[in-house]
Amino acid sequence: MKPALLVTVDSLRYDHYRFMPATKAFLGDTHPATFATNTATPSCFQSIIGGIYPGEAGVTPEESFVPKLEYGHKMGVSTNHFLSARYGYDADFDRFIEPDRNGKSLKDRVAANMTPQSTVYGIASRAYNAYQSLRGTVQEASRDYRPAAEVIDDLLESVAAEAPDGDWFGWLHFMEPHHPYNPDDAPVSRTEAQQVTRRLLDGRGSEADAELGRELYRGEVEELDDRLARLWDAVPDETRVLFCADHGELLGEYGEWGHHATMCPEILRVPAAGRNLPADLADSEVRSLVDIPSVFLGTEHGDGALSRDTAFAASNGSHAAMNAQHFANAESVRTLDGETVTDRDLELALEEWAATAAEPVSKDQLPEEDLEALGYK
């Protein structure tokens with residue numbers, strides 16, 4: 001059995017794949033028209049792992065494609081609270097590592113012992129956040145997420161011990177370059193980088209902040225690629241690999257930073273590349289994240305397809321439809337580079353999708369401590 005590896009990256013823009021030379025050398029060019037099904041991680045991963053269009057958060061064992069994989073050892077490493085056992089993402093893994101919910105901080109203890117909806121929880125959580133803001137002015141901040149090097153170590157050590165014969169499947173999720181943008185080799189301290197990011201996300205950033213924010217984001221991407229180079233060197237050449245982002249990121253376009261519910265190519269168009277896959281990504285002009293399990297398995301799974309002409313997304317009552325050349329939302333039809341065009345077939349596809357699509361979960365329906373862990377509260 002040849003090993004298999006799914007690598008997912010949080011908040012990676014399509015146009016920044018070019019800043020990943022090691023990954024590009026190993027996997028080749030990105031597919032030119034792969035699209036997310038939503039603008040945020042909880043919904044996008046229902047597609048990536050479950051092969052379904054977004055609805056309620058999480059996946060069931062019946063929806064996940066992982067149980068369909070026949071490997072002697074299955075190893076998953078998640079660095080995002082929304083990709084955890086709470087949401088069903090540990091299904092059929094022999095070993096699954098996720099962010100700790102039993103930490104020693106006040107915030108962790110609050111989350112562990114109170115419901116997210118409780119008044120006391122809200123008061124305690126806000127007090128902790130205020131403390132963190134004050135602490136950041138007097139001592140160096142730490143990284144918010146497990147660094148890529150540790151995630152890679154987890155996989156390589158696990159498969160070396162449990163599957164030395166190569167009979168393994170791995171899923172690694174990396175948080176670089178999710179905000180806050182604070183790469184190790186930033187031109188400013190980590191504390192300052194996080195403060196700049198927060199100002200930009202809050203709409204308070206200056207032009208200097210914006211210039212630095214874009215530099216920091218690119219630094220996160222380049223740092224991730226540098227760490228991934230070790231992974232690509234370590235896995236056997238015959239390994240089945242699929243690499244994709246869950247969504248992109250706004251870096252000042254439309255006056256916004258981050259990944260809100262804005263339906264736009266900068267968020268919905270994502271990089272996707274692979275090697276030794278049973279279904280070649282290039283076999284279809286258009287790909288959707290809902291197709292990821294089908295491509296990985298070589299057979300259609302859930303709502304996914306092995307070939308499609310149009311991809312769809314839904315978020316907070318807004319909808320989008322995309323083909324190989326154009327992007328359509330309720331406001332306009334544009335090329336993927338932003339020029340206004342006419343595409344009546346795509347408009348009709350969008351109308352049909354908007355009339356039938358399920359409503360994905362919204363942020364205010366998700367557990368508050370998981371949102372806080374990602375900097376949304």
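Residues numbered from 1 in each chain as written. Predicted model: local features only at pLDDT ≥ 70, side-chain atom pairs only at ≥ 80, totals over all residues. Heavy atoms only, no water.

**With respect to the overall build of the protein**
Link 1 in the chain: Scanning the protein from N- to C-terminus turns up 11 helices and 15 strands.
Link 2 in the chain: Taken over 377 residues, the protein has a buried fraction of 57%.
Link 3 in the chain: If you take every contact in the protein between residues at least 6 apart in sequence, the share linking residues at least 24 apart comes to 68%.
Link 4 in the chain: Per element, the accessible surface of the protein, about 15,700 Å² overall, is 46% carbon and sulfur. (Helix = DSSP H or I, 4+ residues; strand = E, 2+ residues; numbered from the N terminus. Buried < 20%, exposed > 50% of the residue type's maximum accessible area, 1.4 Å probe, protein only. Contact = heavy atoms within 4.5 Å. Areas by Shrake-Rupley, 256 points an atom, 1.4 Å probe, with all protein chains shown as cover.)

**Notes on the sheet that holds strand E12 (residues 311-315)**
Link 1 in the chain: One open sheet accounts for four strands, arranged E12-E13-E14-E15; its pairing is antiparallel. Edge positions in the sheet fall to E12 and strand E15 (333-335), since each has one partner strand and no second. The mean inter-strand angle of the sheet, taken between neighbouring strand axes irrespective of direction, is 20°.
Link 2 in the chain: Sheet topology note: the strand E14 (residues 326-329)/E15 ladder contains three bridges and is antiparallel. Bridging across to E15, Phe-327 finds its partner in Arg-334.
Link 3 in the chain: Each of E12, strand E13 (318-322), E14 and E15 is contacted by helix H10 (residues 344-356), which is oriented at about 140° to E13, the strand it contacts most. (Pairing = 2+ DSSP bridges. Axes fitted to C-alpha atoms, helices over the stretch in contact; angles between N-to-C directions.)

**Quick word on the side chain of His-173**
Link 1 in the chain: Tracing the backbone shows His-173 in strand E5 (residues 168-174).
Link 2 in the chain: Of the polar contacts made by the side chain of His-173, one reaches the side chain of Asp-10; its length is 3.0 Å.
Link 3 in the chain: Dropping the residues within four chain positions of it, His-173 is found in contact with Thr-8, Val-9, Asp-10, Phe-45, Val-77, Ser-78, Thr-79, Asn-80, Leu-83, Val-151 and Asp-246. (Polar contact = N/O pair within 3.5 Å; in protein donor to acceptor, adjacent residues only side chain to side chain.)

**Describing the environment of His-259**
Link 1 in the chain: Its location among the elements puts His-259 in the loop between strand E8 (257-258) and helix H8 (265-268).
Link 2 in the chain: A sequence separation of 80 residues divides His-259 from His-179, and the C-alpha atoms of the two residues are 9.7 Å apart.
Link 3 in the chain: One polar contact links His-259 to Glu-249, side chain to side chain, over a distance of 2.6 Å.

**Things to note about the pattern of salt bridges**
Link 1 in the chain: Counted according to the given criterion, the structure contains 20 salt bridges.
Link 2 in the chain: Where Asp-184 meets Arg-227, a salt bridge forms, and the shortest distance between an N and an O atom there is 3.3 Å. With Asp-184 in the loop between E5 and helix H6 (190-201) and Arg-227 in helix H7 (residues 207-234), the pair connects residues that are 43 residues apart, well separated along the chain.
Link 3 in the chain: Residue classification places Asp-184 among the partly exposed residues on the basis of a relative accessible area of 46%.
Link 4 in the chain: By relative accessible area, which is 24% here, Arg-227 ends up partly exposed.
Link 5 in the chain: One salt-bridge network, held together by shared partners, links Arg-143, Asp-184, Arg-190, Glu-220, Glu-223, Asp-226 and Arg-227. (Salt bridge = Lys/Arg side-chain N within 4 Å of Asp/Glu carboxyl O.)

**Some details on the packing of aromatic side chains**
Link 1 in the chain: Tallied over the full model, the rule gives 16 aromatic pairs.
Link 2 in the chain: Between Tyr-17 and Phe-243 the ring centres are 5.9 Å apart and the planes differ by 55°, which places this aromatic pair in the tilted class. With a gap of 226 residues between them, Tyr-17 in the loop between strand E1 (4-9) and helix H1 (21-27) and Phe-243 in strand E6 (residues 240-245) connect regions that are remote in the sequence.
Link 3 in the chain: For Phe-243, a relative accessible area of 0% puts it in the buried group.
Link 4 in the chain: In this arrangement the basic side chain of Arg-269 is found over the ring face of Tyr-14, its NZ or CZ atom lying 3.8 Å from the centre. (Phe/Tyr/Trp six-rings, centres within 6.5 Å; stacked < 30°, edge-to-face > 60°. Lys NZ or Arg CZ within 6 Å of the ring centre and 35° of its normal.)

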